[in-house]
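Architecture at a glance
Now for the letters of each chain:
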Amino acid sequence: MPDRQTFVIIGANLAGGRAAEALRQQGFDGRVVLVGAEPDPPYERPPLSKEYLRGELPREKLFITKPECYREQEIELRLGMEATRIDPKARVVELAGGARLPFDRLLLATGGRVRRLSVPGSDLEGIYELRTVVDSERIAAELQPGRRVVVIGAGFIGAEVAASARMKGLEVSVLEMAPVPLGRALIDDMGRVYAEIHRERGVALYTGEAVERFDPSTLRPGSGQASLRAGGNRRVERVVSSSGRAIDCDFVVVGVGIDPATELAEQAGLAVDNGIVVDQYCETSARGVYAAGDVANFYHPLLGERIRVEHWSNAQRQGAAAAKSMLGQREPYEEIPWFWSDQYDVNLQYVGHAASWDEVVVRGSVDERTFTAFYLKDGRLRAALAVNRFKDIAPSRQLIRQGAPIEPRRLRDEDIELKSLVSQAV
Ligand SMILES: Cc1cc2nc3c(=O)[nH]c(=O)nc-3n(C[C@H](O)[C@H](O)[C@H](O)COP(=O)(O)OP(=O)(O)OC[C@H]3O[C@@H](n4cnc5c(N)ncnc54)[C@H](O)[C@@H]3O)c2cc1C
């Protein structure tokens, strides 16, 4: 009988967890080893800035699969364990502590690491970032009504934290370097809508301003606090912006994006360029080594370009797609990217990928905050952004997939059902 094959997955979160499950679903009966630096089995991150942060969801509901299912499916979990080196030629993973794990196929699902600020005072206590469940719990402990938080960065994570903090009755200030919130993903007009949404709900939003420094709490002479200073245990009390604005606060949340966790791939000589470079089968430049999720920069056959996506839906689907490729099935991964964000009672969904566009057409009412913005390039739909209008997402996805020319006025006209355009566009 041939030896059982061993498939190793590094990164035990969404992409890695879904890949492990998919291997079993596809009938793989060799060893599946899931190595994760965090102590928890794979869990959902989206609630960490929303329901879980606000205390509306119990911890056990975060897990993507009941923890006992890993035992049932004979998926070996190595949690709280960092992989320190990979050798694609010798087909070995080295783990912290020196253990060696031979593999036949390897998946890198190492995700992203939060960017840290390096301005003066960045290491003060009371300054948080948000990526893991532990981060979310630390911030949740600070979310008491009446307290003052400064959020640095109005990308999706920062904007969601700001919304959750307001919903919990905190005084919220947000500093954003760009002219509008969510600027990286939306056009300025849509960003302006989000600026209004936050300001209407009482957030002090300062755009076009970066953080200059964090000031520590003032130590009163003779108060006994000098020993705190000696221990470096001082806490943030004020945020000073690039324009000189000083904002007093009780704590700070920094949400300035992530960098793909590519160290293992780089050290092994794999192609890396804004993430681990993979083809449409999720395979890296080393045969038998794959990558998926936030860390993967992949060629998208339908969009005709390389993209790296930092969203939930891609992590789960690409993880499962990589598993199929590891088993030798040659199915290109060509999911149309999709994500959502919830802030207050406003649901945003975005489907497609438009790095640039010629025209944006709006259906619905921006003033009433129920609308869809369609991003067109060369007369074809590239992306759609729906605010409180999720029904437009499915037909938009089909229109993007079809890639046929489409008349802007038809997208705009609410008397024409969007799904009726799908067949007409073929
Ligand atoms: C607060 C928050 C809210 C979000 N909300 C939304 C949302 O509303 N909508 C949406 O579409 N997306 C959202 N996302 C994004 C979504 O959660 C991510 O896209 C998804 O988690 C990516 O999954 P992943 O498995 O690729 O990477 P990750 O979730 O980053 O997991 C990678 C794992 O690999 C581990 N790892 C890294 N290196 C090693 C190593 N050397 N050895 C062992 N383990 C290692 C890490 O510890 C980590 O656990 C949100 C993310 C956050 C943080």
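Structure's up top.
Everything numeric in this text was worked out from a predicted model, so none of it was measured. (Residues numbered from 1 in each chain as written. Predicted model: local features only at pLDDT ≥ 70, side-chain atom pairs only at ≥ 80, totals over all residues. Heavy atoms only, no water.)

Look at Glu74: it is not a glycine, yet its phi comes out positive at around 55 degrees. Looking at the element boundaries, Glu74 is found in the loop between helix 2 (68-72) and strand 3 (75-79). Phi is positive for Tyr344, which is not a glycine, with a value near 55 degrees. Mapped onto the fold, Tyr344 is located in the loop between strand 22 (338-343) and strand 23 (346-352). Look at Tyr344 and you get buried, because its relative accessible area is 14%. (Helix = DSSP H or I, 4+ residues; strand = E, 2+ residues; numbered from the N terminus. Buried < 20%, exposed > 50% of the residue type's maximum accessible area, 1.4 Å probe, protein only.)

This part covers the nonpolar core. Core analysis: the biggest nonpolar cluster contains 52 residues, and Val8, Ile9, Ile10, Val93, Leu106, Leu107 and Leu108 have the highest contact counts within it. Considering every element that reaches this core, the biggest residue donor is helix 1 (residues 14-25), with six residues. Excluding anything up to four places from it in sequence, Val8 contacts Val33, Val35, Val93, Leu101, Pro102, Phe103, Arg105, Leu106, Leu107 and Met326. Core analysis: the next-biggest nonpolar cluster, separate from the first, contains 47 residues, Tyr43, Val133, Ala154 and Tyr375 among them. (Core = buried A, V, L, I, M, F, W, Y, C linked by side-chain atoms within 4.5 Å. Contact = heavy atoms within 4.5 Å.)

Attention now moves to the pairing of strand 7 (residues 105-108). Two strands pair when backbone bridges link them, and strand 1 (residues 6-10) and strand 7 are joined in this way by four bridges, in the parallel orientation. Bridge pairing links Val8 to Leu106 in strand 7. For strand 7 and strand 19 (residues 289-291), the ladder comprises three bridges, and the chain directions are parallel. Opposite Leu108, over in strand 19, you have Ala291 as the bridge partner. (Pairing = 2+ DSSP bridges.)

In this section: the sheet that holds strand 21 (residues 305-308). On the basis of which strands lie adjacent, the open sheet formed by three strands has the order 18-20-21 and mixed pairing. The strands lining the two open edges of the sheet, one partner per strand, are strand 18 (276-278) and strand 21. Taking each pair of neighbouring strands and ignoring which way they run, the sheet shows an average axis angle of 30 degrees. Sheet topology places strand 18 next to strand 20 (residues 296-300); three bridges connect them, and they run parallel. Its bridge partner lying in strand 20, Val278 is registered against Phe298. (Axes fitted to C-alpha atoms, helices over the stretch in contact; angles between N-to-C directions.)

To continue, consider the environment of Val351. Mapped onto the elements, Val351 comes out in strand 23. Using a relative accessible area of 0% as the deciding quantity, one classes Val351 as buried.

Take the sheet that holds strand 4 (residues 83-87) next. An order of 4-5-6 is seen for the three strands of this open sheet, with the pairing classed as antiparallel. Strands at the two margins of the open sheet, each flanked by one partner only, are strand 4 and strand 6 (100-102). Taken pair by pair, the neighbouring strands of this sheet meet at an average axis angle of 20 degrees, ignoring direction. Pairing analysis gives four bridges linking strand 4 to strand 5 (residues 92-95), with the strands arranged antiparallel. For Asp87, the partnering residue across the bridge sits in strand 5 and is Val92.

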